[in-house]
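Reading the structure
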Amino acid sequence: MGADAPKALIPLAGRPMLVWSLAALGELDAVVVAAPPGHAGEVEAVVTAALPGARVVAGGASRAESVAAGLAALPAAEIVIVHDAARPLLTRAIVAAVVGALDGADGAIAARPVADTLKRGDGGPHPVIEATVDRAPLWAAETPQVFWAAALRDAVARARDDDRLAGATDCASLVEAAGGRVRLVPIRGPNLKVTTPADLALAEHLLRGGVL
């Protein structure tokens, strides 16, 4: 984003980006926010104003380590919902859909079928196409990701023991590696991840326009 502040605190449609997710998660029994290293005070001020009952913990150097820190703050939880503040279009309907798919599985994640044609490159500095990849069985993973807490705790512990935790890009991959069964839950509405200024502008347009 090229911003001076953590992405979660960037203003979006009149609120820090993080607050939009908190609004969708406010009815949960407990909410824990993992703050970027060195920004716990700023995050706590935002969280306290938006959702006084939420707790802020210091995040780690990677996404998975931040999840582990949040998980440690919820020792009695039976179900855990993991969400990225960079997806501010979260709604309670999305949360309910993913939680509703948890029965009979170790986890469930928001996802959508890949729509673009996919190419596999040869890995060179000026890549040449090696193959066109069949997109039919492929899905793009999103958040929220929901798990039975015991399954996620076990997966995090195994990854830490095997020195795989820092490199994990989502929680589902950790649970999969531990032998868990994770469902894909199709999300039809907008749930974009804010990565660039253009994404921020689009998210603002959708929020101010009442599209959600």
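Just above sits the structure.
All of the points below concern the structure found in this document. Since the model is a prediction, treat every value here as computed from it, not as a measurement.

**Thoughts on unusual backbone geometry**
- A cis amide bond links Thr-143 to the next residue, Pro-144, at an omega of 15 degrees.
- Residue position: Pro-144 is located in strand E9 (residues 139-148).
- In this model, Ala-13 sits at a positive phi of 50 degrees, which is unusual for a non-glycine residue.
- Summarising the element assignment, Ala-13 is placed in the loop between strand E1 (11-12) and strand E2 (15-16).
- With a phi angle near 60 degrees, Asp-163 is a residue other than glycine that sits in the positive phi range.
- The topology assignment puts Asp-163 in the loop between helix H5 (149-161) and helix H6 (171-177).

**Some words on helix H1 (residues 17-25)**
- For H1, the buried fraction is high: eight of the nine residues fall into the buried class.
- Three or more residues of H1 are buried, namely Met-17, Leu-18, Val-19, Trp-20, Ser-21, Leu-22, Ala-24 and Leu-25.
- Looking at the buried positions of H1, the neighbouring elements they touch are E1, E2, strand E3 (32-35), helix H2 (40-50), helix H4 (92-100) and helix H7 (197-208).

**What to know about H4**
- Taken together, the buried positions of H4 are occupied by Ile-94, Val-95 and Val-98. Summarising the axial view, the buried residues of H4 lie within an arc of 100 degrees, below the 170-degree limit, and thus occupy one face. For H4, the exposed residues set more than 90 degrees away from the buried face come down to Ala-93 and Gly-100.
- Residues of H4 that are buried in the fold lie against H1, strand E5 (79-82), strand E6 (107-113), E9 and strand E10 (182-186).

**Looking at the pairing of E9**
- Looking at chain direction, E5 and E9 are connected through four bridges and run antiparallel. Within the sheet, the bridge partner assigned to Val-80 lies in E9 and is Phe-147.
- Pairing analysis gives six bridges linking E6 to E9, with the strands arranged antiparallel. Considered in E9, the bridge of Gly-107 is made with Phe-147.

**Focus: the nonpolar core**
- Counting 28 residues, the largest nonpolar core has Leu-18, Leu-22, Val-31, Val-33, Val-43, Val-47 and Val-98 as its most contacted members.
- Elements supplying a minimum of two residues to this core: H1, E3, H2, H4 and E6.
- Those residues in contact with Val-43 that lie beyond four places of it in its chain are Leu-9, Leu-18, Val-33, Ala-35, Pro-36 and Val-56.
- Within the second largest apolar cluster, 20 residues are counted, among which are Ala-111, Leu-152, Ala-155 and Cys-171.

About the thresholds
Residues numbered from 1 in each chain as written. Predicted model: local features only at pLDDT ≥ 70, side-chain atom pairs only at ≥ 80, totals over all residues. Heavy atoms only, no water. Helix = DSSP H or I, 4+ residues; strand = E, 2+ residues; numbered from the N terminus. Buried < 20%, exposed > 50% of the residue type's maximum accessible area, 1.4 Å probe, protein only. Contact = heavy atoms within 4.5 Å. Arc of directions from axis to C-beta. Pairing = 2+ DSSP bridges. Core = buried A, V, L, I, M, F, W, Y, C linked by side-chain atoms within 4.5 Å.

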